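# Coordinate inspection notes
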Amino acid sequence: MEKVAIVTGSAEGLGKGIAHRLCKDGFKVVVHDINEPVLNETVKEFKESGFDVIGVVGNVAKREDQFNLVKETVEHFGRLDVFVNNAGVDAVTPFLQVEEEELNRLFQINVNGTVFGTQAAAKQFIKQETKGKIINACSIAGHESYEMLSTYSATKHAVRSFTHSSAKELAKHQITVNAYCPGIAKTKMWDRIDEEMVKHSDNLKPGEAFEQYSSAIALQRYQTPEDVANLVSFLASDDSDYITGQTILTDGGLVYR
């Protein structure tokens, strides 16, 4: 039986890498993003590769959008097996300059979005009377709090907590909830982080913040989307059926827990 997966925020970056890997694993995949033009490009690219995909535009911060995402998936593919809460945003701000707008935006997308996606997926799994897998985007910042990334770190700590508590409550329905915790990848998000760190520093040059962070990686290279997708592929497979409530670091040896 062919399985169906949703990956939120998957038009580009790590999410696109995850969606591509699940397609290669044989999943029918729903590519989702708030950025419609980029989403359409990715769907076109995947279809040209022979993958069975559809695109759905939505804002994870809106509960009705998350439930609509699951509804459209089931209407098109007939079922749901895996939901990846990948969508997220960052902010680089000195702690004393953190404002209400930043707090609200990051919590609404990173935390509320994960909660609403988990609820929508879990209700569908229960309705189907099947097992299901929910996989959340946490981060090394969900295990360690970083300077200049206080709001982002706080949201990822919240994702880790919701991963634990929802896993405990949903286990009786044979629904597993786990999270992947990436480290430092050469993505647009890290380009932005580097740029902002330089802006708030007296002595950093462009690219140096990224170099400083990645120089501490034990395996001596920064992360690729494939590195993250490999872990998600495992968590989405039957091989991970006995694993739940875990937030697994995939960072090349940077944070040790």
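All values reported here derive from a predicted model rather than from experimental measurement.

### Remarks on helix α4 (residues 100–128)
Across its 29 residues, α4 extends 40 Å between first and last C-alpha, which sits within 8% of the 42 Å expected from 1.5 Å per residue. Along α4, the sharpest change in direction is near 35 degrees and occurs at Gln-108. Positive phi shows up at Glu-129, right after α4, with a value of about 60 degrees.

### Some remarks on helix α8 (residues 225–236)
An ideal rise of 1.5 Å per residue puts 16 Å on 12 residues; α8 measures up with 16 Å between its terminal C-alpha atoms. All of the buried residues along α8 are Asp-227, Val-228, Ala-229, Leu-231, Val-232, Ser-233, Leu-235 and Ala-236. Where the residues of α8 are buried, they touch α1 (13–24), β4 (82–85), β5 (132–137), β6 (175–182) and β7 (247–250).

### Remarks on the UniProt feature "binding site: NAD(+)" (unreviewed entry) in the protein chain
This chain's UniProt record puts "binding site: NAD(+)" (unreviewed entry) on Asp-33, Asn-86, Tyr-152, Lys-156, Pro-182, Gly-183, Ile-184, Ala-185, Lys-186 and Thr-187. Structurally, Asn-86 is set in the loop between β4 and α4. Excluding anything up to four places from it in sequence, Asn-86 contacts Val-7, Thr-8, Gly-9, Gly-15, Ile-18, Ala-137 and Tyr-180. A polar atom in the side chain of Asn-86 sits 3.0 Å from the backbone oxygen of Gly-9. Inspection of the secondary structure assignment puts Ile-184 in the loop between β6 and α6 (188–199). The class for Ile-184 is buried, based on a relative accessible area of 1%. Here Ile-184 is in contact with Trp-190, Phe-210, Tyr-213, Ser-214, Ile-217, Tyr-222, Gln-223 and Leu-254, once residues within four sequence places are set aside.

### What about the environment of Ala-179?
Position of Ala-179 relative to the elements: it lies in strand β6. What makes Ala-179 buried here is its relative accessible area of 0%. On a C-alpha basis, the gap between Ala-179 and Asp-227 in space is 14 Å, while along the polypeptide they are 48 residues apart. Beyond its immediate chain neighbours, meaning those up to four positions away, Ala-179 contacts Asn-136, Cys-138, Thr-163, Leu-235, Gln-246, Thr-247 and Ile-248.

### Some thoughts on the side chain of Ser-153
Within the secondary structure layout, Ser-153 lies in helix α5 (residues 150–170). The class of Ser-153 is buried, set by a relative accessible area of 1%. Residues within four places of Ser-153 in sequence aside, it is in contact with Ala-141, Glu-144, Ser-145 and Tyr-146.

### A short note on the sheet that holds strand β2 (residues 28–33)
The 7 strands lie next to each other as β3-β2-β1-β4-β5-β6-β7, forming an open sheet whose pairing is parallel. A single partner strand is all that each edge strand has here, and the edge strands are β3 (53–57) and β7. Going from strand to strand, the sheet's axes swing by 20 degrees on average, the running direction of each strand aside. With 6 bridges joining them, β5 and β6 adopt parallel strand pairing. Bridge pairing links Ala-137 to Tyr-180 in β6.

Definitions and limits used
- Residues numbered from 1 in each chain as written.
- Predicted model: local features only at pLDDT ≥ 70, side-chain atom pairs only at ≥ 80, totals over all residues.
- Heavy atoms only, no water.
- Helix = DSSP H or I, 4+ residues; strand = E, 2+ residues; numbered from the N terminus.
- Expected span 1.5 Å × (residues − 1).
- Bend = angle between axes of the 7 residues up to and from the residue.
- Buried < 20%, exposed > 50% of the residue type's maximum accessible area, 1.4 Å probe, protein only.
- Contact = heavy atoms within 4.5 Å.
- UniProt positions renumbered as here; feature names shortened; annotations may be inferred.
- Polar contact = N/O pair within 3.5 Å; in protein donor to acceptor, adjacent residues only side chain to side chain.
- Pairing = 2+ DSSP bridges.
- Axes fitted to C-alpha atoms, helices over the stretch in contact; angles between N-to-C directions.

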